Amino acid sequence: MRKFTHIDCFSGPGGFCTGLHAAGFETLVAIEYIRSCCETYSKNHPEVHVINDDIRNVKSKDIEKFIPAGGVDLVTSGMPCETFSTAGNTSRSFYDDRQFLFREGIRIAEITKAKMILFENVPGITTKTVSKGSKKLIIDVLIKELEEAGYVNHESYILDSTNYGVPQRRKRFFVLALRNKCELSPPLPNEFRPANVRDAFIDLPNVIANSGKEGKNYLKRTSTYSELMRNDEFWKRDFNSDGITYQTPMKHRSTTLERFSLLKQGESLKDLFERYQGDERREMQERRVLPKKMFIKRNYRLIDKEPSPTVTSHCLDEFVHPKFDRALTVRECARLQSFPDSYDFVGGPYLVPHLDRTVQDKYEQIGDAVPPLLAYAWGKQIIKILENLNV
């Protein structure tokens, strides 16, 4: 049986690789700047040659010995999305060299003679210009340079991960490109049933904030989704995991726990600022139940019967458990992203200041990753395309 080969650019902790591996791909090389992500990646994918460096420093001599004579089948490139995101008030004002890092994905594809390239980013990339005041769009430059590199057959899509079995509303922009002429189409959302937060958390035991006591044993109730997260045969993993990992409670001030207790499902810090006004709000701010400043995307209590909002690198601050007064555990965030339960987030500490961009803690690694189930859907679709091309 033919092996389909893959190079993972801007690999993060391995979301793309995990899903593609389950679909039938063999990842040969991964390139990632953040060391903690590389540590997690290597722990879970020891067969992959992981390069911990700025991708701009990676030369052909660094990877050519891992590349088959006929080249690889696929290069994935999920370059950093900060300058394209619309999540923050000032993020769209960033104009720096990161928005041109797509060129590195194309360069690696040329070096490795890749048959196909799959770019992934936030939908905001489609409206971002190359510089302030310019009318030229980044995406138009990307397409032009793809074609100049010979990848003249390409299509763009915006996909929502909820359509691929992920219990999370996460829209992402993709460009699929190849050299051959053929009809391209995105993966069909028909293999896995839709999942929600309850499906994701159903067999995970509660843990009490500040207790320091981890939840190590599954509950007896399950869902189709939770069973999939525990099914290492599906994921083609052999890690012999014994019980739950990273179901560890965070520490919260008593006043923070009081704030959480005020939230109903679907409410966030913004709702509390609207509910409590004047002297009542000031008193709660003085006691630190409410912060001095209102953050729109903060302390959202998840809704049991719905998918979660997008899991980001700030997921620890953004989400509150749907039933219990605490933030989510690392494993719960991983479940929302569709990482299998045997996935070991060894890299980095639990938390680091967000100002330090040279290392990512476990929450940040998970939040920035590609959902493995969405990557799996892409893997299955790309294999179909390659088989129809008979290349």
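Residues numbered from 1 in each chain as written. Predicted model: local features only at pLDDT ≥ 70, side-chain atom pairs only at ≥ 80, totals over all residues. Heavy atoms only, no water.

**Thoughts on the sheet that holds strand 3 (residues 49–52)**
Note: strands within a sheet are paired through backbone hydrogen bonds, in either parallel or antiparallel orientation.
Phase 1: The seven strands lie next to each other as 3-2-1-4-5-7-6, forming an open sheet whose pairing is mixed. Bordering the open sheet on either side are strand 3 and strand 6 (153–160), each of which pairs with just one other strand. With direction set aside, neighbouring strand axes in the sheet form an average angle of 15°.
Phase 2: Bridging between strand 1 (residues 4–9) and strand 2 (residues 25–32) involves six bridges; their strand directions are parallel. (Pairing = 2+ DSSP bridges. Helix = DSSP H or I, 4+ residues; strand = E, 2+ residues; numbered from the N terminus. Axes fitted to C-alpha atoms, helices over the stretch in contact; angles between N-to-C directions.)

**Quick word on empty space enclosed by the protein**
Unfilled space is identified by rolling a water-sized probe across the atoms.
Phase 1: According to the stated counting rule, one finds one cavity of 30 Å³ or more in the structure shown.
Phase 2: Approximately 30 Å³ is the volume found for the largest cavity.
Phase 3: Together, M79, F119, E120, N121, I125, L142, F173 and V175 line the largest cavity.
Phase 4: Sorting the residues of the lining of the largest cavity by element identifies strand 5 (116–121) and strand 7 (171–178) as the ones contributing at least two each.
Phase 5: Top element by residues in the lining of the largest cavity is strand 5. It accounts for three residues.
Phase 6: Residue classes in the lining of the largest cavity are distributed as six nonpolar, one polar and one charged. (1 Å grid on protein atoms, 1.4 Å probe; cavity = no way out; pocket = protein on both sides within 12 Å on 5 of 7 lines; lining within 4 Å. Points joined across faces, edges and corners; volume = space filled by probe spheres on them. Nonpolar A, V, L, I, M, F, W, Y, C, P; charged D, E, K, R; others polar.)

**Points about the nonpolar core**
Phase 1: Among the nonpolar cores identified, the biggest contains 36 residues, and F201, L302, L336, F345 and L373 are the most heavily contacted of them.
Phase 2: Counting residues per element, the ones that place at least two in this core are helix 1 (15–23), helix 6 (197–201), helix 7 (224–229), helix 8 (232–235), helix 12 (315–318), helix 13 (330–337), helix 14 (362–368) and helix 15 (372–389).
Phase 3: Ranked by residues supplied to this core, first place goes to helix 13 with four residues.
Phase 4: Discounting residues that sit within four places of it in the chain, L302 has contacts with V197, F201, Q265, G266, S308, P309, F319, V320, P322, L328 and L336.
Phase 5: Ranked by size, the runner-up nonpolar core spans 35 residues in total, among them V75, F102, V130 and A177. (Core = buried A, V, L, I, M, F, W, Y, C linked by side-chain atoms within 4.5 Å. Buried < 20%, exposed > 50% of the residue type's maximum accessible area, 1.4 Å probe, protein only. Contact = heavy atoms within 4.5 Å.)

**A short note on the confidence of the model for the protein**
Phase 1: Residues of the protein with pLDDT of at least 70 account for 93%, and the chain-wide mean is 91.
Phase 2: pLDDT under 50 marks residues 83–93. Its contacts with residues more than four places away, or in other chains, come to 24 contacts. (pLDDT = per-residue confidence, 0-100.)

**A closer look at the environment of P80**
Phase 1: Mapped onto the secondary structure, P80 falls in the loop between strand 4 (74–77) and helix 4 (102–111).
Phase 2: Here P80 falls in the partly exposed class, since its relative accessible area comes to 29%.
Phase 3: Along the backbone, P80 and E155 are 75 residues apart, and their C-alpha atoms lie at a distance of 21 Å.
Phase 4: Leaving out residues up to four positions away in the same chain, P80 has contacts with F10, L101 and N121.

**Focus: a positive patch on the surface**
Phase 1: Where like charges cluster on the molecular surface, the positive patch consists of R198, R221, K305 and K323.
Phase 2: Considering the arrangement of structural elements, one finds K323 in the loop between strand 9 (319–320) and helix 13. (Patch = residues over 30% accessible without salt bridge, like charges linked within 9 Å, V, L, I, M, F, W, Y side chains within 5 Å. Areas by Shrake-Rupley, 256 points an atom, 1.4 Å probe, with all protein chains shown as cover. Salt bridge = Lys/Arg side-chain N within 4 Å of Asp/Glu carboxyl O. Lys, Arg positive; Asp, Glu negative; His and termini not counted. Charge placed at Lys NZ, Arg CZ, Asp CG, Glu CD.)

**Thoughts on the packing of helix 4 against helix 5 (residues 138–148)**
Phase 1: It is the contact of helix 4 with helix 5, at a shortest axis distance of 10 Å, that shows an interaxial angle of 15°. As summarised for this structure, helix 4 and helix 5 are arranged roughly parallel, according to the angle between their axes. The handedness of the crossing between helix 4 and helix 5 is right-handed. Here F102, R103 and I106 of helix 4 come into contact with helix 5, specifically with I138, V141, L142, E145 and L146.
Phase 2: Its residues assigned to classes, the contact of helix 4 with helix 5 shows six nonpolar, no polar and two charged. (Parallel < 35°, antiparallel > 145°, perpendicular 65-115°, else oblique. Left-handed = near helix turned anticlockwise from the far one by under 90°.)

**Regarding unusual backbone geometry**
The phi torsion of most residues other than glycine is negative, and most of the peptide bonds are trans.
Phase 1: A positive phi angle, close to 60°, is found at K236, a residue other than glycine.
Phase 2: Counting through the fold element by element, K236 comes out in the loop between helix 8 and helix 9 (254–261).
Phase 3: Owing to a relative accessible area of 46%, K236 belongs among the partly exposed residues under this scheme.
Phase 4: Here Y246, not a glycine, exhibits a phi torsion of approximately 65°, which is positive.
Phase 5: Summarising the element assignment, Y246 is placed in the loop between helix 8 and helix 9.

**Focus on the pairing of strand 4**
Phase 1: Residue alternation in strand 4 divides its side chains into two sets, L74 and T76 and V75 and S77, and both sets are buried.
Phase 2: Pairing of strand 1 with strand 4, which is carried by four bridges, proceeds in the parallel orientation. Within strand 4, the position partnered with C9 by the bridge is S77.
Phase 3: Note: strand 4 against strand 5, four bridges, orientation parallel.

**Some points on helix 2 (residues 35–44)**
Phase 1: Within helix 2, the full set of buried residues consists of S36, C37, C38, T40, Y41 and N44.
Phase 2: Lining the buried residues of helix 2 we find strand 1, helix 1, strand 2, strand 3 and helix 14.

**Observations concerning the packing of aromatic side chains**
The description of an aromatic ring pair rests on the distance of the ring centres and on the angle between the ring planes.
Phase 1: Within the structure shown, the criterion is met by twelve aromatic pairs.
Phase 2: When the ring of F234 is compared with that of W235, the centres are 4.9 Å apart and the planes differ by 85°; the resulting orientation is edge-to-face. Comparing F234 with W235 shows no difference in burial state: the two are buried.
Phase 3: A centroid spacing of 5.3 Å and a plane angle of 50° characterise the contact between Y343 and F345, whose relative ring orientation is tilted. Both residues of the pair, Y343 and F345, belong to the buried class.
Phase 4: Ring-pair connections join several aromatic residues into one group, and the members of that group are F192, F234, W235 and Y376.
Phase 5: Across from the ring centre of Y218, 3.6 Å away, lies the NZ or CZ of R230, which sits over that ring.
Phase 6: The aromatic ring of F295 is capped on one face by R298, whose charged end is 4.4 Å from the ring centroid. (Phe/Tyr/Trp six-rings, centres within 6.5 Å; stacked < 30°, edge-to-face > 60°. Lys NZ or Arg CZ within 6 Å of the ring centre and 35° of its normal.)

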